[in-house]
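Listed below, chain by chain, are the residues.
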Amino acid sequence: MGYNNQLDEFISSKFPGLQLKSPLFYSSEIAIRFELGGNLNEQSRVERVIHRALSIFNELNQPTDDVYLTVFVDSWGENPVASFEKDVYELFLAYASGVRKEDIDKLEQEFRYKDPDENDDDTVTLRYCTKVKAKDLKVEELLGAIANREMGYEPHIVGDIFLVNETKKSIFYVYDDRGMDVVADDTKTLRVVYDKYNNWILDYDRSRIDKIFLDNPCGG
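Just so it is clear, the model here is predicted, and its values are computed rather than measured. (Residues numbered from 1 in each chain as written. Predicted model: local features only at pLDDT ≥ 70, side-chain atom pairs only at ≥ 80, totals over all residues. Heavy atoms only, no water.)

*Asks:* Run through the sheet that holds strand 4 (residues 124-133), naming residues and quoting values.
*Replies:* Overall, antiparallel pairing links the seven strands, which are arranged 1-7-6-5-2-4-3 in an open sheet. Where the open sheet ends on each side, the last strands, each with one partner, are strand 1 (31-35) and strand 3 (105-110). The average undirected angle you get between the axes of adjacent strands in this sheet is 20°. The pairing of strand 2 (residues 66-75) with strand 4 spans 10 bridges and is antiparallel. Across the sheet, the residue bridging to Thr70 is Cys129, located in strand 4. Helix-sheet contacts for helix 4 (residues 139-150) involve strand 5 (160-165) and strand 6 (170-176), and the interaxial angle to strand 6 is about 30°. With respect to the sheet, helix 5 (residues 187-196) is in contact with strand 1, strand 6 and strand 7 (179-184), its orientation differing from that of strand 1 by roughly 25°. (Pairing = 2+ DSSP bridges. Helix = DSSP H or I, 4+ residues; strand = E, 2+ residues; numbered from the N terminus. Axes fitted to C-alpha atoms, helices over the stretch in contact; angles between N-to-C directions. Contact = heavy atoms within 4.5 Å.)

Listed below in structure tokens is the structure:
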């Protein structure tokens, strides 16, 4: 069974009905949205994105955890697969130690953001996936590349990048340099980052997040 099929089975089992797409936070029952960059100059903003996202990742993931590295890229007539696929494979090879091209599972699926009122029938989503141990991910470098992409400096980092921890049943998603979502199937999994990095929570969503944890003080 390919990694994409394994990932689908895992998501449908632990997160029924959830799709890996933005806004992940609003589609999840148990989730936290953290602020990353803030109103800083470019260098300080990138540094804070890396520091905050890496701190949260390290709290939620242990070195031997099994993690799906998953990249979604949308393709249409003016953005054919050939225009980005080389960069996608290079992303995997650069930021996941020991991964070979043949270890990357590719799947074409319906456009994730399909709008029945829009004429986007020629758009499809390509999903690339592999599974590694958390220790084999070069997370700090990957986060730096994502942050710099948002500043316009990393054009070869393409698509939406999700880190799905099969062991901890959690999902880690930096949607851009402004913020990130973490999702789990139990509040106990996220309690440590809710408590430790509470002042990083995005104030706009704070009341909703507080309710999740106050209503489930012991998990669930």
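Continuing now.
*Asks:* Mind laying out helix 6 (residues 206-215), listing which residues take part and the relevant values?
*Replies:* What helix 6 keeps buried is the set Arg206, Ile209, Ile212 and Phe213. Angular distribution of buried residues about the axis of helix 6 spans 125°; they occupy a single face of the element. Those residues of helix 6 that are exposed and angled more than 90 degrees off the buried face are Ser207, Lys211 and Leu214. Elements in contact with the buried residues of helix 6: strand 1 and helix 5. (Buried < 20%, exposed > 50% of the residue type's maximum accessible area, 1.4 Å probe, protein only. Arc of directions from axis to C-beta.)

*Asks:* Got a sec to walk through the pairing of strand 2? Specific residues and values, please.
*Replies:* Most of strand 2 sits out of view: nine of its 10 residues are buried. One ladder, built from six bridges, connects strand 2 with strand 5; its direction is antiparallel. Residue pairing for strand 5: Thr70 is matched across the bridge by Phe162.

*Asks:* Go over helix 3 (residues 85-95), please, and point to the residues and values.
*Replies:* Within helix 3, burial applies to Glu85, Asp87, Val88, Tyr89, Leu91, Phe92 and Tyr95. Along its buried surface, helix 3 packs onto strand 2, strand 3, strand 4, helix 4 and strand 5.

*Asks:* Kindly report on the pattern of salt bridges, identifying the contributing residues and their values.
*Replies:* Tallied over the full model, the rule gives 16 salt bridges. Of the charged contacts, one joins Lys196 and Glu59 as a salt bridge, the two residues approaching to 2.5 Å between their closest N and O atoms. Here Glu59 lies in helix 2 (residues 42-60) and Lys196 lies in helix 5, a separation of 137 residues in the sequence. Since its relative accessible area comes to 49%, Lys196 is described here as partly exposed. Asp160 serves as the salt-bridge partner of Arg112, at 3.0 Å between the closest nitrogen and oxygen. Taken as a pair, Arg112 in the loop between strand 3 and strand 4 and Asp160 in strand 5 lie far apart in primary sequence, 48 residues in all. (Salt bridge = Lys/Arg side-chain N within 4 Å of Asp/Glu carboxyl O.)

*Asks:* Account for the packing of aromatic side chains, naming residues and giving values.
*Replies:* Under the counting rule described, the total for this entry stands at 11 aromatic pairs. Considering the side-chain rings of Phe10 and Phe15, the 6.2 Å spacing of their centres and the 70° angle between planes classify their relative orientation as edge-to-face. This pair shows no difference in class: Phe10 is buried, exactly as Phe15 is. Summarising the aromatic geometry, the rings of Phe72 and Phe162 are spaced 5.6 Å apart at their centres and angled 85° between planes, so their arrangement reads as edge-to-face. A residue pair is termed long-range when its members are at least 10 positions apart, and Phe72 in strand 2 and Phe162 in strand 5 qualify at 90 residues. (Phe/Tyr/Trp six-rings, centres within 6.5 Å; stacked < 30°, edge-to-face > 60°.)

*Asks:* So what's going on with the nonpolar core? Which residues, and what values?
*Replies:* If you look at the biggest cluster of nonpolar residues, it comprises 72 residues, and the most contacted ones within it are Ile32, Phe34, Ile56, Ile171 and Phe172. It is helix 2 that provides the largest number of residues to this core, a total of eight residues. Not counting chain neighbours up to four residues away, the residues in contact with Phe172 comprise Ala53, Ile56, Phe57, Leu143, Ile161, Phe162, Leu163, Met180, Asp181 and Val182. (Core = buried A, V, L, I, M, F, W, Y, C linked by side-chain atoms within 4.5 Å.)

Everything listed here is a matter of coordinates, which is why it stays silent on function.
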